[in-house]
Amino acid sequence: MNPENYIVLAGVLFTIGAIGVMVRRNAIVVFMSVELMLNAANLAFVAFARMNGNLDGQVVAFFVMVVAAAEVVVGLAIIVTVFRSRRSASIDEPNLLKY
Amino acid sequence: MIGNGAVIAADVAPVLEPLTAATGIFAWIWLLIALPLVGAIVLLTTGRWTNRFGHFIGVATVVIAAILAIAMLIEMMGRPADARAFEQTLYSWVFAGQFQVDVAFQLDQLSMVFVLLITIVGSLIHIYSIGYMAHDPDRRRFFGFLNLFVAAMLLLVLADNYLLLYVGWEGVGLASFLLIGFWQYKPSASAAAKKAFVINRVGDVGLSLAIMLMFVTFGSVTFESVFSSAGEASDSTLTWIGLLLLLAAAGKSAQFPLQAWLLDAMEGPTPVSALIHAATMVTAGVYLIVRSNAIYDRTVFAATAVVVIGVITMIIGAIIGSAKDDIKKALAGSTMSQIGYMVLAAGLGPVGYVFAIFHLLTHGVFKANLFLSAGSVMHGMNNGVDMRRFGALRAVMMITFGAFMFGYLAIIGIPPFSGFYSKDKIILAAFEVNLIAGIAAVIAAGITGFYMTRMFTMTFLGKARWDDDAHPHESPAVMTIPLIVLAIGSLGLGASLYYWGDIVEWLAPVTGYESRPIAISTTLLELITLATVLIGVAIAVLMYGRSVPIQPPQKVSVLTTAARNNLYDDATNDIVAVRPTWYAARFLVWFDNRIVDGAVNASAAFVGGASGRLRRLQNGFTRSYALVMVIGVIVVFGVLALVGLS
């Protein structure tokens with residue numbers, strides 16, 4: 001099996017996610033971009049597992065999913081709390097923690 | 001009684017005596033040191049409840065040590081001359097690779113005479129101190145320090161290696177410091193103690209460097225191995241060792257140029273001046289030189305330096321002693337001068353070693369006698385020391401007068417008093433080696449006659465010039481009995497050591513002995529010396545016999561002014577050592593503040609400034625952090641791709 005196409009697809013997805021994190025202001029969209037990066041990594045893991053013919057990569061992919069789910073719970077809770085206090089979901093608004 | 005001592009023993013080369021293991025009574029060598037040490041520990045740690053009887057402990061330890069020493073002497077005299085050296089190893093002290101040092105003692109003929117001098121004169125001075133310090137609230141502490149001194153001094157002369165000797169050397173320095181500053185509430189006393197300590201330190205550096213050089217050269221610091229392999233070392237090494245040992249001796253024995261502390265050391269109680277600064281500690285330098293004879297015999301340069309230092313000190317000590325009105329300082333100048341004689345003799349080589357020790361012994365007795373007599377006078381005169389306020393004390397303190405007179409006749413060398421034998425032998429030995437040294441020794445003998453007669457006349461003869469509230473009286477028996485014993489020593493010790501004790505043959509196995517022919521007869525030389533002394537006496541009688549002004553005259557010669565100021569030794573030290581050190585310290589403070597601290601402060605300011613700018617990166621915008629992370633990851637991967645992963 002040739003993993004090239006899968007890896008290219010994973011790379012493209014990861015890049016889209018990374019750019020999304022860096023350029024978008026809406027916290028929800030930034031979150032979605034993070035999910036995109038995680039799933040790009042998952043895709044690469046699964047593709048490599050398939051290529052090597054063992055289950056290691058698949059196991060890691062499950063771990064990533066679980067961690068991502070937990071992270072979403074915490075992250076969304078923070079976003080909702082910030083939104084309640086500031087009436088905005090912009091990621092540039094809460095910038096008090098600085099020099 | 002003029003002894004014709006031209007040839008009294010055949011020339012003896014110094015042999016390295018075989019050391020026999022200490023058995024019988026000599027197994028108790030360690031006890032000589034332990035006794036006074038225990039006394040010192042008891043007296044200094046037990047506190048007030050030993051105040052009432054503490055001085056008896058102090059006296060008892062030294063007296064028992066003296067009895068033990070006399071028993072050892074009798075035992076030693078019963079043995080053949082080549083079996084009189086004993087060694088006793090207590091335990092291994094330092095064992096670091098090549099460097100092996102034991103706590104071990106060596107008792108030979110040289111150590112023996114020192115042990116006797118220290119313990120017997122020490123005992124007498126301890127007994128005397130009971131009376132002299134009777135009214136001092138700190139008498140117990142005083143006796144503790146005295147015992148500490150005796151223990152350290154015995155360690156110094158009994159050590160079988162230079163490192164252990166160094167321990168004793170520092171110990172006597174410590175005891176000297178503590179006792180000079182005994183009345184530490186007097187600023188002058190504490191300053192004098194500090195001065196003595198600091199100047200001694202200069203000499204101590206010399207000794208420690210000499211020990212290091214010996215270890216590097218010979219691989220050992222025991223007397224036995226250093227002396228047996230001294231011939232293998234290069235000339236320059238031996239010269240350096242000799243000069244460094246001379247520096248050490250100059251510091252401890254108040255020899256030029258480190259003599260300035262001795263006159264100030266008279267701030268201590270008079271028994272201290274007698275024991276430490278006249279009879280024993282200040283002669284440690286002479287012991288060091290004589291003990292190291294194997295080194296000085298092989299280096300003409302260092303031995304000559306010893307002679308030069310001895311001659312200079314002999315003259316300047318005598319000159320200073322001639323101008324002082326303070327009886328103790330006059331005696332201190334005299335001590336310097338007499339030790340100058342010993343150092344001169346020690347530098348002459350095998351011709352003089354024996355007589356250096358001989359004079360050291362007689363001087364130890366008659367100078368202790370003179371100091372204790374002076375202390376007795378002070379005791380009766382409200383602790384006054386100004387001889388211009390004395391006079392006519394002969395009638396009121398006959399015993400003190402008699403003792404002082406015996407010491408006086410001994411030091412100026414009138415036969416048959418003991419100084420005559422020892423000093424004349426040194427003068428003779430000086431002529432055997434070098435004409436200039438001999439003439440200087442004769443001149444110094446003349447000046448000795450002058451200043452001692454001046455002291456004697458001003459104190460005991462003439463008219464009474466006492467303070468109004470002075471009621472001179474004779475001292476109690478506890479003080480006069482030691483004086484009488486020492487006076488008898490001043491009379492008889494010289495002759496008995498020379499004729500009956502055979503001091504030359506006794507010491508020759510350790511130090512070696514030789515005698516060289518000289519151009520004039522020894523009897524004539526002795527007469528010349530005696531005549532010079534009598535001229536000095538006559539001048540002093542003419543100057544001070546009739547009347548002595550109470551105020552010191554101001555119109556005096558340049559030399560007198562200089563001598564009153566100790567020949568400007570303090571001023572010289574100030575210019576040579578103190579001020580340069582002060583300026584160097586100032587420079588170093590500046591260097592530290594500006595350069596060292598400057599570098600530290602500058603780097604701190606740089607870090608502070610840089611971090612002030614760098615923290616601007618923490619701008620609070622999440623997206624720029626993400627950007628930095630991404631850039632960081634890209635950089636890391638880029639570097640890995642370029643360097644590692646390929």
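Residues numbered from 1 in each chain as written. Chains lettered and ligands numbered in written order. Predicted model: local features only at pLDDT ≥ 70, side-chain atom pairs only at ≥ 80, totals over all residues. Heavy atoms only, no water.

To continue, consider the overall build of chain A. Scanning chain A from N- to C-terminus turns up three helices and zero strands. From first element to last, N terminus to C terminus, chain A shows the α and β order α-α-α. Computed over C-alpha atoms, the radius of gyration of chain A comes to 17 Å, more than 25% over the 13 Å expected from 2.2 N^0.38 for 99 residues, which places it beyond the range of a compact globule. Referenced to the eigenvectors of the C-alpha coordinate spread, the extents of chain A come out at roughly 50 × 25 × 25 Å. Buried positions account for 28% of the 99 residues belonging to chain A. Relative to all contacts within chain A whose residues are 6 or more apart in sequence, the contacts with residues 24 or more apart total 58%. Total accessible area on chain A stands at roughly 6600 Å², and carbon and sulfur atoms take up 69% of it. (Helix = DSSP H or I, 4+ residues; strand = E, 2+ residues; numbered from the N terminus. Rg over C-alpha atoms; globule rule 2.2 N^0.38 Å. Buried < 20%, exposed > 50% of the residue type's maximum accessible area, 1.4 Å probe, protein only. Contact = heavy atoms within 4.5 Å. Areas by Shrake-Rupley, 256 points an atom, 1.4 Å probe, with all protein chains shown as cover.)

Time to look at the overall build of chain B. Helix and strand counts for chain B stand at 24 helices and three strands. For chain B, the spread of C-alpha atoms along the three principal axes comes to 115 × 60 × 55 Å. Relative to its 646 residues, chain B shows a buried fraction of 55%. The contacts of chain B with a sequence gap of at least 6 include a subset with a gap of at least 24, amounting to 82%. Averaging the coordinates of the 37 positive side-chain charges in chain B and doing the same for the 36 negative ones gives two points 14 Å apart. (Lys, Arg positive; Asp, Glu negative; His and termini not counted. Charge placed at Lys NZ, Arg CZ, Asp CG, Glu CD.)

Moving on: the interface of chain A and chain B. The interface is formed by twelve residues belonging to chain A together with twelve residues belonging to chain B. In total, chain A and chain B occlude about 1100 Å² of area from one another, counting both sides; carbon and sulfur atoms represent 60% of this. In terms of surface lost to chain B, no three residues of chain A exceed M22, D92 and Y99 of chain A, which account for 56% of the buried area on that side. The interface formed by chain A and chain B holds one salt bridge in total. For R623 of chain B, the salt bridge identified is with D92 of chain A, shortest N-O distance 2.7 Å. Here chain A and chain B share three residue pairs in polar contact (both at pLDDT 80 or more) between them. Across the side of chain A that touches chain B, the residue classes break down as seven nonpolar, one polar and four charged. (Buried area = accessible area lost by both parts, 1.4 Å probe. Salt bridge = Lys/Arg side-chain N within 4 Å of Asp/Glu carboxyl O. Polar contact = N/O pair within 3.5 Å; in protein donor to acceptor, adjacent residues only side chain to side chain. Nonpolar A, V, L, I, M, F, W, Y, C, P; charged D, E, K, R; others polar.)

Residue and element names in this part refer to chain B. Going through the model one piece at a time under the given rule, you end up with 15 salt bridges over all chains. A salt bridge links E75 to R79; the shortest N-O distance between them is 3.6 Å. Between D264 and K195 there is a salt bridge whose closest N-O contact spans 2.5 Å. Taken together, the positions of D264 in helix 9 (residues 260–264) and K195 in helix 6 (residues 187–218) put the pair 69 residues apart, joining distant regions of the chain. With a relative accessible area of 18%, D264 lands in the buried category.

The next point concerns helix 19 (residues 477–500) of chain B. Working note: α-helix, 3.6 residues per turn, so residues spaced by three or four point in the same direction. Residue and element names in this part refer to chain B. A maximum bend of about 50° is found in helix 19 at G492. Residues M479, T480, P482, L483, L486, A487, G489, S490, G494, A495, L497 and Y498 constitute the buried set of helix 19. Contact partners of the buried residues in helix 19: helix 3 (109–132), helix 15 (353–380), helix 16 (398–412), helix 17 (418–433) and helix 20 (503–511). Immediately beyond the C-terminal end of helix 19, within one or two residues, lies D502, with a positive phi of roughly 50°. (Bend = angle between axes of the 7 residues up to and from the residue.)

Here the focus is the confidence of the model for chain B. One rule of thumb: low pLDDT means the predicted coordinates there are not for detailed reading. All names here are of chain B. Residues of chain B with pLDDT of at least 70 account for 97%, and the chain-wide mean is 89. Confidence drops under pLDDT 50 across residues 1–8; counting only partners more than four residues distant or on other chains, this segment forms 19 contacts. Quick note on the complex model: pTM equals 0.80, ipTM equals 0.87. (pLDDT = per-residue confidence, 0-100.)

Here we take up helix 3 of chain B. In this model helix 3 of chain B runs 34 Å from its N-terminal to its C-terminal C-alpha over 24 residues, within 8% of the 34 Å that 1.5 Å per residue would give. Counting buried positions along helix 3 of chain B yields 22 of 24 residues, so the element is predominantly enclosed. (Expected span 1.5 Å × (residues − 1).)

Attention now goes to the sheet that holds strand 1 (residues 20–21) of chain B. Residues and elements named next belong to chain B. As summarised here, the arrangement of the three strands in space is 1-2-3, forming an open sheet in which the pairing is mixed. Each edge of the open sheet is held by one strand with a lone partner, namely strand 1 and strand 3 (99–107). Across two bridges, the pairing between strand 1 and strand 2 (residues 86–96) is parallel. Across the sheet, T20 pairs through a bridge with F86, a residue of strand 2. Relative to the sheet, helix 5 (residues 162–180) contacts strand 2 and strand 3, its axis offset from that of strand 3 by approximately 70°. (Pairing = 2+ DSSP bridges. Axes fitted to C-alpha atoms, helices over the stretch in contact; angles between N-to-C directions.)

A word on the nonpolar core. Ranked by size, the top nonpolar core spans 208 residues in total, and within it Y162, L245 and M452 of chain B carry the most contacts. Per-element tally for this core: the top contributor is helix 15 of chain B, with 17 residues. Apart from residues no more than four positions distant in its own chain, M452 of chain B is found in contact with L331, L370, F404, Y408, I411 and I412 of chain B. Counting residues in hydrophobic clusters, the runner-up holds seven residues, among them A18, V21, V30 and M37 of chain A. (Core = buried A, V, L, I, M, F, W, Y, C linked by side-chain atoms within 4.5 Å.)

Further remarks concern a nonpolar patch on the surface. Together, F587, L588, W590, F591, I595, V596 and V600 of chain B make up a nonpolar patch on the protein surface, roughly 640 Å² of accessible area in all. If you trace the backbone, F591 of chain B turns up in helix 23 (residues 569–614). (Patch = residues over 30% accessible without salt bridge, like charges linked within 9 Å, V, L, I, M, F, W, Y side chains within 5 Å.)

Let us now look at the packing of helix 3 of chain B against helix 4 (residues 139–158) of chain B. All names here are of chain B. Where helix 3 contacts helix 4, the two axes come as close as 10 Å, and the packing angle between them is 175°. Here helix 3 lies roughly antiparallel to helix 4, going by the angle between them. For the pair helix 3 and helix 4, contact is made by S111, F114, V115, I118, T119, H126, S129 and I130 and by R139, F142, F143, L146, N147, V150, M153, L154, V157 and L158, respectively. Looking at the contact of helix 3 with helix 4 residue by residue, the class counts come to twelve nonpolar, five polar and one charged. (Parallel < 35°, antiparallel > 145°, perpendicular 65-115°, else oblique.)

All names here are of chain B. Counted by the stated rule, this structure contains 31 aromatic pairs over all chains. Judged by centre distance (5.4 Å) and plane angle (85°), the rings of F406 and F417 are edge-to-face. You can see F406 sitting in helix 16 and its partner F417 sitting in the loop between helix 16 and helix 17, a full eleven residues away along the chain. Arranged with centres 5.9 Å apart and planes meeting at 45°, the rings of F456 and F460 form a pair that is tilted. With F456 and F460 both in helix 18 (residues 435–460), this residue pair falls four residues apart, about one helical turn. As far as burial versus exposure is concerned, F456 and F460 are alike and both buried. Here the aromatic residues F142, F143, F145, F182 and W183 are joined through ring pairs into a cluster of three or more. The side chain of R394 reaches across the aromatic face of F401, ending 5.9 Å from its centre. (Phe/Tyr/Trp six-rings, centres within 6.5 Å; stacked < 30°, edge-to-face > 60°. Lys NZ or Arg CZ within 6 Å of the ring centre and 35° of its normal.)

With that settled, consider the packing of helix 3 of chain B against helix 11 (residues 284–291) of chain B. Residues and elements named next belong to chain B. The interhelical angle for the contact between helix 3 and helix 11, taken along N-to-C directions, is 170°, at an axis separation of 11 Å. Of the possible angle classes, the one that applies to helix 3 and helix 11 is roughly antiparallel. Of the residues in helix 11, those touching helix 3 at L110, S111 and F114 are Y287, V290 and R291. Each residue belonging to the contact of helix 3 with helix 11 can be placed in one class, and the counts come to four nonpolar, one polar and one charged.

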